[in-house]
Amino acid sequence: MRRIRKAGKQESRRDLCVPTSRPIHRFLLSFFSCVPAFLIIFSSVSVSAAPIIIIGSKKFTESYVLAEIAKRAVEDAGVPAEHRQGMGGTIILWEALRTNQIAFYPEYTGTIGEEILKASPSTSTADMRARLEKSGVGMTGELGFNNTYALVMQRTTAERLQIHTISDLRNHPELKFGLTHEFIDRRDGWQPLAERYQLPTQNISGIDHGLGYGALRNGSIDVKDAYSTDAKIGENDLVVLQDDLQFFPQYKAVFLYRLTLPENVIAVLRKLEGTLDEKRMIQLNAEAERTKNYTRAADLYFQNDASPRQPRSGESLTHKLIRWTSRHLELAGISLLLSIIVGIPLGIAASRGGAIGQAILAVTAAVQTIPSLALLALLVPVPFFGISPRTAIAALFLYGLLPIVRNTATGLQDIAQPVRESAIALGLEPSARLWKIYLPIASRTILGGIKTSAVINIGTATLAALIGAGGLGEPILSGLNLNDHATILQGAIPAAVLALLVQWSFDLLDRFLIPKGLRL
Amino acid sequence: MTALVQLRGVSKTFGAAAALHSTDIAFERAKTTVLIGPSGCGKSTLLRLIIGLLEPDDGIIQFEGAPTTFANIADLRRRIGYVIQDGGLFPHLTARQNVLLMSMHLKRPAAEMDQRLTELCALTRFPQTALDRYPIELSGGQRQRISLMRALALSPELLLLDEPLGALDPLVRAALQKDLKEIFARLKQTAILVTHDLAEAAYLGDVIVLMNEGRVVQIGTLEDLRTKPAAKFVTEFINAQRGLALV
Ligand SMILES: Nc1ncnc2c1ncn2[C@@H]1O[C@H](COP(=O)(O)OP(=O)(O)OP(=O)(O)O)[C@@H](O)[C@H]1O
Ligand SMILES: [Mg+2]
């Protein structure tokens, strides 16, 4: 399972939406670090006294599990809590925390240093704390484990060859390395690692992360890269080679929290410090992936305390499907409506050409090129939006504009000159021309744009899950994280069916809305 | 008798090219004036200036003695009918709706509209049964009849026709020429008609205006043009048309 936790250690390629690249993260971070003062003022008054503790997590298994553990710990202390799981990425979580929309979320020291604070690797923990404090954010002590890159081997091979550390690999040039392309390409990946340890570099092949485990098992490769708390390490009984020269950066798990949290909540978080080593975390990750249930994995953590919980009554699949689908339709529907209300007038304005028309088309097209994660990250710190469905609707609305604006403009521009001039020569006023002649004639093209928008919206509405706004993206996202196809399909199939239904109902609508004379 | 429409020193330039040089011309009531001349000589430009699709660079256009302005052009357009080569019918409206569009827009009583429609069908020999068809379901000749009905719907004082028969085959064209002549006569319609065809001009026009390169060369009957050509061009133009007719 890939994670987002390091700068540039890219979020999964199986991402729901266009993954933001590192420069964009950089850009956004620097953008937000100089965010206008009014935003800061607004955001500090926006969500002041949240009645319940909102916990965030990133969209990968370990983050979900850590947040679930904290949720239970907080609830056990008598404070109601809610887990907004699987939010977009560092930037979104950080902005949500900074603007007091979530109370805390699990993070890694390496990410805090490199991505959030942009500090040099040598920055001390005390220094980090001081700098976080300026944003009203506190950092707990380390939870225990370090989730960083590692090299792993089959236990049998490692024992036979007496390999315990990465340095030991130097004496075995015959070993075959199967590395992810990402690891091979990273500036702090294979190349510098091999240089530092002076490893042989002839037997290297690039292989997909998931497939690599199979290759390791059947012996087609001997060594691969992994994350040190990957559930697969436990499942396959692999050996993590010791990073004896301390090449890999430290990614120690901590919680980042609002300094304004009640004392008792902070105390609960601090009690989690030092309670999770790599082995334990691997075990919990494996439990989550095996049972497809993060709460179960979190409960496993507490079983040492001998306080098992009765299993919660799970929500039935039908009920979940209804909840996801109706939220999905709500998000897509409202945003489409807004796109229509705003897009058609903009399209009318754009159809008149000139500088304004060009500008309208250029801006709506440019909006389309913003990766969804980046767009969400831009909206989350804005007080009215935050980590609510409103943000998802706003993003969908913006993405929905282009097809409507462009089709309205071309539909109107394509009206034949004689028709246009006849309308004028008859003595119709401009508004009557538009309503009685131009718009009806352009209606097929305009509806085509709306249809495109609607279908795209149904697909894109899955992004709402990135900010915890629900919809069919929720099962898709968690299925992707769990590598669980059944869960993915629970979201993907209804989404595909919805897209088809929307397509059909618009085809039906064509018959009512497009004048008959244009359909002959 | 005063002219219904009068152009005084009207000129129009597109970019550097003059489409119409400073022109003075009057259009008499109850007469059919035919504009004729080589392609690009400014015939359509002249009509479009009168109906306000174009604004003159210079000069004034008077309708019943009053200059047309931005403020009164919308009203004037309702007193002028405009028929163009391919009809310019609205594809999303039926023949009936095309004809009655303005009447409905102006909220004329239904009975009045029905009566007018029946009259117009009789006048233009359009089959009433085809009134509910869409333009795309009509023949070229039928489309031109609808276009004519639409232009006549509000009983305009002036009818402008820009090559109304240009796109029709010879038989249909001949039939419509005959019908137009009858209609103009029966309605005592003031009309300005643009054509390329000298025979059509002679048949329909009370007055022929021969234009060339943005200028009016001669105004008169075909006989005047033949016997008293105002310039060498007039004879050339007539001869060219005759030559074409012989082929
Ligand atoms: N909108 C326009 N922009 C630029 N030039 C134009 C425009 N309309 C007309 N012209 C030019 O003005 C001149 C007169 O055009 P006009 O349409 O009046 O000619 P016409 O006599 O109607 O020709 P035809 O018999 O081919 O219809 C032509 O040279 C034409 O190219
Ligand atoms: Mg013309």
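Residues numbered from 1 in each chain as written. Chains lettered and ligands numbered in written order. Predicted model: local features only at pLDDT ≥ 70, side-chain atom pairs only at ≥ 80, totals over all residues. Heavy atoms only, no water.

A. Layout of a nonpolar patch on the surface. All names here are of chain A. Residues L489, I493, V497, L500, L501 and W504 make up a contiguous nonpolar surface patch of roughly 590 Å² in combined accessible area. Here W504 is to be found in helix α22 (residues 485–513). Take W504: its relative accessible area is 53%, and that puts it in the exposed class. (Patch = residues over 30% accessible without salt bridge, like charges linked within 9 Å, V, L, I, M, F, W, Y side chains within 5 Å. Areas by Shrake-Rupley, 256 points an atom, 1.4 Å probe, with all protein chains shown as cover. Salt bridge = Lys/Arg side-chain N within 4 Å of Asp/Glu carboxyl O. Helix = DSSP H or I, 4+ residues; strand = E, 2+ residues; numbered from the N terminus. Buried < 20%, exposed > 50% of the residue type's maximum accessible area, 1.4 Å probe, protein only.)

B. Broad picture of the side chain of T23(B). Residue and element names in this part refer to chain B. Along the polypeptide, T23 turns up in strand β2 (residues 17–28). Taking relative accessible area as the criterion, T23 reaches 3% and is therefore assigned buried. Looking at T23, its side chain comes within polar contact range of the main-chain oxygen of H21, at 2.5 Å. Apart from residues no more than four positions distant in its own chain, T23 is found in contact with L7, R8, G9, V10, G214 and V216. (Polar contact = N/O pair within 3.5 Å; in protein donor to acceptor, adjacent residues only side chain to side chain. Contact = heavy atoms within 4.5 Å.)

C. Quick peek at the domain arrangement of chain A. Examined at the domain level, chain A breaks down into domain 1 (53–146 + 251–303), domain 2 (149–240) and domain 3 (317–519). One C-alpha centre belongs to domain 2 of chain A, the other to domain 3 of chain A, and the line joining them spans 47 Å. (Domains from an automatic or database assignment.)

D. Main features of the sheet that holds strand β6 (residues 80–83) of chain B. Residue and element names in this part refer to chain B. Strands sit in the order β6-β7-β8-β3-β9-β10 across an open sheet of six strands; the sheet is mixed. In this open sheet, the two edge strands, each paired with only one partner strand, are β6 and β10 (215–220). Neighbour-to-neighbour, the strand axes of this sheet turn through a mean angle of 15 degrees, independent of strand direction. Sheet analysis places β6 next to strand β7 (residues 158–162), joined by four bridges and oriented parallel. Within the sheet, the bridge partner assigned to Y82 lies in β7 and is L160. Against the sheet, helix α1 (residues 43–51) contacts β3 (32–36), β6, β7, β8 (190–195) and β9 (207–212), and its axis sits at roughly 145 degrees relative to β7. (Pairing = 2+ DSSP bridges. Axes fitted to C-alpha atoms, helices over the stretch in contact; angles between N-to-C directions.)

E. The site of ligand 1, seen in detail. Residues and elements named next belong to chain B. The local shell around ligand 1 consists of F14, A19, S39, G40, C41, G42, K43, S44, T45, E163 and H196. Between ligand 1 and G42 there is a distance of 3.0 Å, counted from an oxygen atom to a backbone nitrogen or oxygen. At 3.4 Å from an oxygen atom of ligand 1 is found a side-chain nitrogen or oxygen belonging to E163. Protein chains shield 58% of the accessible area of ligand 1, which is 630 Å² for the free molecule. Broken down by element, the residue count for the shell around ligand 1 peaks at three residues, all from α1. In terms of residue class, the shell around ligand 1 is built from three nonpolar, six polar and two charged. (Near = heavy atom within 4 Å. Nonpolar A, V, L, I, M, F, W, Y, C, P; charged D, E, K, R; others polar.)

F. Highlighting the side chain of T32(B). Residues and elements named next belong to chain B. Here T32 lies in strand β3. According to the relative accessible area criterion, T32 is buried, its value standing at 3%. Ignoring sequence-local partners within four residues, the contact set of T32 consists of F184, Q189, A191, L204, G205, D206 and V207.

G. Just the pattern of salt bridges, in detail. Taken as a whole and assessed by the stated rule, the structure comprises 31 salt bridges over all chains. Across the pair R84(A) and E82(A) runs a salt bridge, and its minimum N-O distance is 2.8 Å. Of the charged contacts, one joins R79(B) and E64(B) as a salt bridge, the two residues approaching to 2.7 Å between their closest N and O atoms. Of this pair, R79(B) sits in the loop between α2 (73–77) and β6 while E64(B) sits in the loop between β4 (58–63) and β5 (66–67); the two residues are 15 residues apart in sequence, bridging distant segments of the chain. Ionic contacts of the salt-bridge type, sharing partners, join the residues R29(B), E64(B), R79(B) and E157(B) into one network.

H. Region of the structure containing the packing of helix α3 (residues 61–76) of chain A against helix α14 (residues 294–302) of chain A. Residue and element names in this part refer to chain A. Taken N-terminus to C-terminus, the directions of α3 and α14 make an angle of 60 degrees; their axes are 8 Å apart at the nearest point. One way to sum up the angle between α3 and α14 is to call them oblique. α14 is crossed by α3, and the crossing has right-handed handedness. Listed contacts from α14 to T61, Y64, V65, E68, I69, R72 and A73 of α3 are Y294, T295, A297, A298, D299, Y301 and F302. Of the residues assigned to the contact of α3 with α14, the class counts are nine nonpolar, two polar and three charged. (Parallel < 35°, antiparallel > 145°, perpendicular 65-115°, else oblique. Left-handed = near helix turned anticlockwise from the far one by under 90°.)

I. Spatial organisation of the sheet that holds β2(B). Residues and elements named next belong to chain B. Here four strands make up an open sheet; going across it, the order is β2-β1-β4-β5 and the pairing antiparallel. At either end of the open sheet lies a strand with only one pairing partner, and these are β2 and β5. Examined bridge by bridge, β4 and β5 share two bridges and lie antiparallel to one another. Counterpart to Q62 in the pairing with β5 is P67. Packing against the sheet, α1 makes contact with β1 (3–14), β2 and β4, and its axis sits at approximately 115 degrees to β1.

J. Region of the structure containing the domain arrangement of chain B. Residues and elements named next belong to chain B. Looking at chain B, the domain boundaries give domain 1 (3–79 + 158–245) and domain 2 (92–155). Using only C-alpha atoms to locate each centre, domain 1 and domain 2 end up separated by 25 Å. With 16 residues of domain 1 at the interface, the matching set in domain 2 holds 14 residues. Buried surface at the junction of domain 1 and domain 2, summed over both partners, amounts to about 1200 Å²; 68% is from carbon and sulfur atoms. At the surface where domain 1 touches domain 2, the tally comes to two salt bridges. (Buried area = accessible area lost by both parts, 1.4 Å probe.)

K. Expanded view of the environment of Y197(A). All names here are of chain A. You can see Y197 is positioned in helix α9 (residues 190–197). Spatially, the C-alpha atoms of Y197 and A454 are 54 Å apart, while their sequence positions differ by 257 residues. If sequence neighbours within four positions are ignored, Y197 has contacts with I166, S167, R170, D243, D244, L245, Q246 and F247. Within the structure, Y197 has its side chain in polar contact with the side chain of D243 (distance 2.5 Å).

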